[in-house]
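The residues making up each chain are set out below.
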Amino acid sequence: QQPVQSPQAVILREGEDAVINCSSSKALYSVHWYRQKHGEAPVFLMILLKGGEQKGHEKISASFNEKKQQSSLYLTASQLSYSGTYFCGTGYHGANNLFFGTGTRLTVIP
Amino acid sequence: NAGVTQTPKFRVLKTGQSMTLLCAQDMNHEYMYWYRQDPGMGLRLIHYSVGEGTTAKGEVPDGYNVSRLKKQNFLLGLESAAPSQTSVYFCASSYGSGYSQPQHFGDGTRLSIL
């Protein structure tokens, strides 16, 4: 049930955009996105529940495609502070926990 | 507001030794989780609890035990440590079920087994 994230790593220059994808082989109820900086704890970014909604958080937004069983995280006009590893966590109906992907390492350079 | 606090932050053990990791949260959350994080593996759930006095197995429970005697505390025990248990351990909590509520993470415990 572990979701598949792509790409595994990406390097951006400040101001560029990026998309991180998260796919599940099973019907999704929810998708969570977290960011973890090196040596720190994962920090919650946003949660998307079944219904195909799109959410935004400043220049970071995400979509949830229920039919395709996938979610995408959009980072617009990237800043140095966006560097870190992004994890998606997938939730399934009836389960009390999340299954996390292996992460996407994002590096933003000046 | 401390959030989720893990102790200790670092520990080195010898193979066969036992230890307990403590997680405490002050947000009155019902759900608590223990994860391990290894390079390239993401976060894998060891055990979790849906309320005081309850525990359940996650994806990788072998070699670990847990207890939730008080709502605010969730303990993770290693009875006989093995080198394969060298990892970073994260505790998390959520107000409601983990699939619909955000999880709040502690700063982690870095554990090395020699």
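Quick caveat: nothing in here was measured; it's all calculated off a predicted structure. (Residues numbered from 1 in each chain as written. Chains lettered and ligands numbered in written order. Predicted model: local features only at pLDDT ≥ 70, side-chain atom pairs only at ≥ 80, totals over all residues. Heavy atoms only, no water.)

*Asks:* Sorry, what's going on with the overall build of chain A here?
*Replies:* A tally of regular secondary structure across chain A gives zero helices and 11 strands. Along the chain direction, N to C, the helices and strands of chain A fall in the order β-β-β-β-β-β-β-β-β-β-β. Computed over its C-alpha atoms, the radius of gyration of chain A comes to 13 Å, within 12% of the 13 Å expected for a compact globule of 110 residues. Across its three principal axes, chain A shows a C-alpha extent of roughly 45 × 25 × 20 Å. Classification of the 110 residues of chain A by burial places 47% in the buried group. Once local pairs closer than 6 in sequence are excluded, the contacts in chain A between residues at least 24 apart make up 55%. Carbon and sulfur atoms form 49% of the exposed surface of chain A, whose accessible area is close to 5400 Å². (Helix = DSSP H or I, 4+ residues; strand = E, 2+ residues; numbered from the N terminus. Rg over C-alpha atoms; globule rule 2.2 N^0.38 Å. Buried < 20%, exposed > 50% of the residue type's maximum accessible area, 1.4 Å probe, protein only. Contact = heavy atoms within 4.5 Å. Areas by Shrake-Rupley, 256 points an atom, 1.4 Å probe, with all protein chains shown as cover.)

*Asks:* I would appreciate a short explanation of the pattern of salt bridges in the present structure.
*Replies:* Side-chain pairs of opposite charge can arise where the charged atoms are in close proximity. Residues and elements named next belong to chain B. Taken as a whole and judged by the stated rule, the model has three salt bridges over all chains. A salt bridge links D38 to R44; the shortest N-O distance between them is 2.8 Å. The same class applies to D38 and to R44, which are both buried. (Salt bridge = Lys/Arg side-chain N within 4 Å of Asp/Glu carboxyl O.)

*Asks:* What is the right way to look at the state of the cysteines in this model?
*Replies:* In a disulfide, the sulfur atoms of two cysteines are covalently bonded to one another. Residues and elements named next belong to chain B. Under the counting rule described, the total for this entry stands at two disulfides over all chains. At a sulfur-sulfur separation of 1.9 Å, the disulfide partner of C23 is C91. One quick way to see it: the torsion about the S-S bond of C23 and C91 is about -75°, and its sign makes the bridge left-handed. In this pair, C23 is assigned in strand β3 (residues 19-25) and C91 in strand β9 (residues 87-94), connecting sequence segments 68 residues apart. Taking relative accessible area as the criterion, C23 reaches 0% and is therefore assigned buried. (Disulfide = S-S within 2.5 Å.)

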